[in-house]
Structure formats: C-alpha cells, structure tokens
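The chain contents come next:
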Amino acid sequence: MNTILKKIDADNMTSEDFAEAAKLLQEGKLVAFPTETVYGLGGDAYDKTASARIYAAKGRPSDNPLIVHIAEIEELKNLAEDIPAEAYLLAEKFWPGPMTMILKRKDTVPKETTGGLDTVAIRMPSHPIARRLIKEAGLPIAAPSANASGRPSTTKAEHVMEDLAGRIDMVIDGGSSEIGLESTIVDLTVKPALILRPGYITIGMLQEVLPDIEYDKAVLKRVKDETIVAKAPGMKYRHYAPKGQLTIYEGERTAVISKIVSEVSKKVNEGSRVGILASTDYLNNYISELGLDIVGKNARNSNVSENDILEFENIIIGVVGARSDEATIAARLFDLLREYDTKNIDYIYAECFASENLGQAIMNRLLKAAGYHIETV
Ligand code: TXA
Ligand code: MG
C-alpha cells in the first residue's frame, strides 16, 4: 500500500485540504494525524473493519482498546451512556485538550473499537488539524498512538512514516506535537474516579474538579510487579521501549552523575555503544568526567531539535532539557528514545525526573521504557 503524506498548515487550512483524508476515513481506511499530545492513527470509530485495520497496522493486541476522538461535547451522548455529571464537569474544564475519559459504552460503538470492553475511552483533542479532520469526516475517530506497537509514541509525521509507511493510507503532517506525552486517562465508571494514565493534566488539576480522584495502583508502581494489574489494558504491555537496554538512576546529583559516568565507561570499554539521557543541569559533569572532547563535536542537526544530541565515538548524549522544565522534558522524551535506536545504542542511562506534576507522567513512560530498571544510588 502506498502511504500518502499530506502536509497541512494549521494556520491556513481549507476544507479542500481534508477532502481526501475525510473520504478515506468514510471508506473505513486509516489516516494518521497530529494531536497536541502525540500523533494518532485514525479510523471510523463506528466501523469494526477500520478498528481491525488499526490493530493490524500497529501490530497491536486486539484486547487493547482505542480512544475515540470527538470534536464537540454533544457527541459524547452518541458514544456513551449513563454519563455521570462529573464527565461534563471535566469536559468543560479540560476539553478540548489532553484528557481522556472512560465511560460506559453505547452499543453504537462496536466492541472491536473498545477491545471487547463495555466501556469506551473518549477524548476531544485541541489540535486544530485533529478537530477539523473529525468535523470534515463527520465521524468520531478511533485512534491509538500512531507508532508500531511497543515502540515510543510519535510526535512527528516522519516518525509515523518510519513505523507505519506502507501499512496505512495517509499521514497528515502538521508539524510536531507540542506536549509529547499521551493524554491523562480518567476512569469515571468507578467511584472515586481513578487516573489510569498520568499525562499533562495532573492529579492536582483534576482534584480542582473531582477532589477525591486517585491514581490507580498500577500508575504508581515503581518496580516490576506482576500482581498489580493495570486497568487500562494498554498499560500492561511492553511499551515505549528503545532497542537498547535502559536503566534509570535515582539519588543525589553527585551520586547519580558518578554512577552514570562509571557505567558508561565500563560499557564503552567492553565495546558497547552507550547513550545518556541527560539534563542540561548535569550535562557538563558528564562531559568533563568522561573526558569527552566537545570541540567540533557540538550538536548535530537531527530529528530532535538542534543542540539536543551530542555525538561522540561510542557515546551519544541526548539532552532532554533543564530538570525544572518538565514541559520540555516531556516534549523531547519519545524523540530521544527513538534517536538512540537510530544510532544503534546498546545501553542507555537516564536520570530520574520524579515530581508531583508532569514528572509523574514522564516517570511513568520512562519506567515502562526501562522495563522498570531503576536503581537508587
Ligand atoms: O493522547 C492520547 O491519548 C493519544 C492521542 C492519539 O489521542 N492516544 C493514545 O492512544 O495514547 P493509545 O491507544 O496509545 O492509548 C490508549 C490507552 C491504552 O492504554 C488503552 O488500554 C487505554 O487507553 N484505554 C482505552 N480504552 C479503554 C477503556 N475502555 N478502559 C480502560 N482503558 C482504556
Ligand atoms: Mg500508545
């Protein structure tokens, strides 16, 4: 299958730009599109064949439900029933935006779309291209993240092409996804409501509307523990994983730096290629303690924005941002994880970015990517 790559400028778009994409979706075909969180792989949410095609294209297990994307709050009642008042309170505050709600599924939505569940995940994205696409197609769009199953989610059309070219009908290129991590998922079919996946909308923000909301146990887990079962089926699979083995070190600044420096030196001596996921705060320490010669090696223009990657002979340093700037860390994380694969890195060492805010979402993804390899030093 030939995958059409269609560039659309969100600041200057017309119905004509969406004509082919809308037609493809109406025919049950697949169109990847940008959202403010990550790119989505879209199909008609009412069409079970389209959902089956999504699973096949991603290589995704079919018990892992899709998120249905809508453009107006009124569409909620076409997809869900027994909608609690809390849903409208959350929708009013956080939609359009990076929050997904789990509600009771209406029979209009085929079980193929919801991975066999009697509940349905619904989100109204804020990205203008995503909303316009939903409107032009005249359909709710079922869309998981537009990556091959198990790989980091995609925040750029070129990454979608890397994973899915030849397997889907079209990719709409609308530039980089601003947030870079998937939406916060809130389960409203239980009381108190539970956060099944942390995201840009933090627990503190949600508590302003639902004071008793809590994290699902699986979200907070820090170690590999098979007895804690994730309620969002997708959270149980190997996820976001780069090919290289990722380890996270947690502790005081100097302890983390010396541990990473000693691990990197050891692996390089053994002949491996090694990556560091570094903050700007610690960057100069890695460079000086590893004795790296930065002259002339400074930053290469890559998929990640300029100056984010420092490449040495057997070491690459991905600079994820300042430790206090969680929004930047979130936006760069998946891109950097993909970059280590491009560079055939065998081992990756990361700092820990825990906090009550966006740090929860960052660590949730990083821990999964690391297969829960985290060490306190
Ligand atoms: O930001 C996002 O949410 C992106 C963009 C494209 O909207 N989408 C996304 O989809 O991340 P996906 O398929 O990668 O993740 C959906 C998650 C999975 O972990 C899935 O198990 C969970 O949502 N989910 C979907 N429906 C559910 C349901 N009815 N009950 C519990 N979890 C559900
Ligand atoms: Mg995903």
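Everything numeric here is computed off the predicted structure, so don't read it as measured data.

Rules used throughout
- Residues numbered from 1 in each chain as written.
- Chains lettered and ligands numbered in written order.
- Predicted model: local features only at pLDDT ≥ 70, side-chain atom pairs only at ≥ 80, totals over all residues.
- Heavy atoms only, no water.
- Helix = DSSP H or I, 4+ residues; strand = E, 2+ residues; numbered from the N terminus.
- Buried < 20%, exposed > 50% of the residue type's maximum accessible area, 1.4 Å probe, protein only.
- Pairing = 2+ DSSP bridges.
- Axes fitted to C-alpha atoms, helices over the stretch in contact; angles between N-to-C directions.
- Contact = heavy atoms within 4.5 Å.
- Core = buried A, V, L, I, M, F, W, Y, C linked by side-chain atoms within 4.5 Å.
- Expected span 1.5 Å × (residues − 1).
- Arc of directions from axis to C-beta.
- Polar contact = N/O pair within 3.5 Å; in protein donor to acceptor, adjacent residues only side chain to side chain.
- Phe/Tyr/Trp six-rings, centres within 6.5 Å; stacked < 30°, edge-to-face > 60°.
- Lys NZ or Arg CZ within 6 Å of the ring centre and 35° of its normal.

1. As for unusual backbone geometry
A negative phi angle is the norm for most residues apart from glycine, just as the trans form is the norm for most peptide bonds.
In step 1: Geometrically, the link from Trp 95 to Pro 96 is a cis peptide bond, its omega value of -10 degrees lying close to zero.
In step 2: Along the chain, Lys 191 connects to Pro 192 via a cis peptide bond; the corresponding omega equals -5 degrees.
In step 3: One non-glycine residue, Asp 82, adopts positive backbone phi at about 50 degrees.
In step 4: Turning to its location among the elements, Asp 82 is positioned in the loop between strand E5 (80-81) and helix H4 (85-94).
In step 5: Residue classification places Asp 82 among the exposed residues on the basis of a relative accessible area of 59%.
In step 6: One non-glycine residue, Tyr 372, lies in positive phi territory at about 65 degrees.
In step 7: With respect to the secondary-structure elements, Tyr 372 resides in the loop between helix H12 (358-369) and strand E18 (374-376).
In step 8: Residue Tyr 372 is classed as buried on the basis of its relative accessible area, which comes to 15%.

2. Looking at the sheet that holds strand E17 (residues 347-351)
Whether parallel or antiparallel, the strands of a sheet pair through hydrogen bonds between backbone atoms.
In step 1: Pairing is mixed across the open sheet formed by six strands, whose spatial order is E15-E16-E14-E17-E13-E18. Both outer strands of the open sheet, strand E15 (309-311) and E18, are each paired with one neighbouring strand and no more. Pairs of neighbouring strands in the sheet enclose a mean axial angle of 20 degrees, with direction left out of account.
In step 2: Pairing of E15 with strand E16 (residues 315-321), which is carried by three bridges, proceeds in the antiparallel orientation. Opposite Leu 310, over in E16, you have Ile 317 as the bridge partner.
In step 3: Helix-sheet contacts for helix H9 (residues 253-269) involve strand E13 (245-250), strand E14 (274-279), E16, E17 and E18, and the interaxial angle to E17 is about 175 degrees.
In step 4: In this fold H12 packs onto E13, E14, E17 and E18, with an angle of close to 135 degrees to the strand it touches most, E13.

3. What to know about the nonpolar core
In step 1: Within the largest apolar cluster, 45 residues are counted, with the highest numbers of intra-cluster contacts made by Leu 90 and Met 101.
In step 2: Looking at this core, the elements that each hand over two or more residues are helix H2 (48-58), helix H3 (76-79), H4, strand E6 (99-105), strand E7 (119-123), helix H6 (157-164) and helix H7 (203-207).
In step 3: When residues in this core are grouped by element, the largest group, four residues, is from H4.
In step 4: Among residues more than four places away in sequence, those in contact with Leu 90 are Trp 95, Met 99, Met 101, Val 186, Leu 188, Leu 206, Val 209 and Leu 210.
In step 5: Formed by 30 residues, the second largest nonpolar core is a distinct cluster that contains Leu 246, Ile 248, Leu 333 and Leu 367.

4. Some details on helix H1 (residues 15-26)
Each turn of an α-helix holds 3.6 residues, which means side chains three or four residues apart point in the same direction.
In step 1: When the terminal C-alpha atoms of H1 are compared, their 15 Å separation across twelve residues agrees well with the 16 Å that a helix rising 1.5 Å per residue should span.
In step 2: Buried within H1 we find Phe 18, Ala 21, Ala 22, Leu 24 and Leu 25. Down the axis of H1, the buried side of the element spans an arc of 160 degrees, and every buried residue falls inside it.
In step 3: In this structure, the buried residues of H1 make contact with strand E2 (31-33), strand E3 (40-44), helix H5 (128-137), strand E8 (141-142) and strand E9 (170-173).
In step 4: Remark: Gly 28 follows H1 within two positions and exhibits a positive phi of approximately 85 degrees.

5. Remarks on H2
In step 1: The set of residues buried in H2 consists of Ala 50, Ser 51, Ile 54, Tyr 55, Ala 57 and Lys 58. In a view along the axis of H2, the buried residues occupy a sector of 165 degrees, so they form one face of it.
In step 2: Buried residues along H2 sit against E3, E8 and H6.
In step 3: Between the side-chain oxygen of the N-cap and the backbone nitrogen of Thr 49 there are 2.8 Å, and the N-cap of H2 in question is Asp 47.
In step 4: Count one or two residues on from H2 and you reach Gly 59, which has phi positive near 70 degrees.

6. Quick word on the packing of aromatic side chains
Centre-to-centre distance and the angle between the planes together describe a pair of aromatic rings.
In step 1: Under the definition given, this model contains three aromatic pairs.
In step 2: Considering the side-chain rings of Tyr 240 and Phe 334, the 5.1 Å spacing of their centres and the 25 degrees angle between planes classify their relative orientation as stacked. Of this pair, Tyr 240 sits in the loop between helix H8 (217-220) and E13 while Phe 334 sits in helix H11 (residues 326-342); the two residues are 94 residues apart in sequence, bridging distant segments of the chain. The pair Tyr 240 / Phe 334 is uniform in exposure class, with both members buried.
In step 3: Sitting over the face of the ring of Tyr 347, Lys 267 holds its NZ or CZ atom 4.4 Å from the ring centroid.

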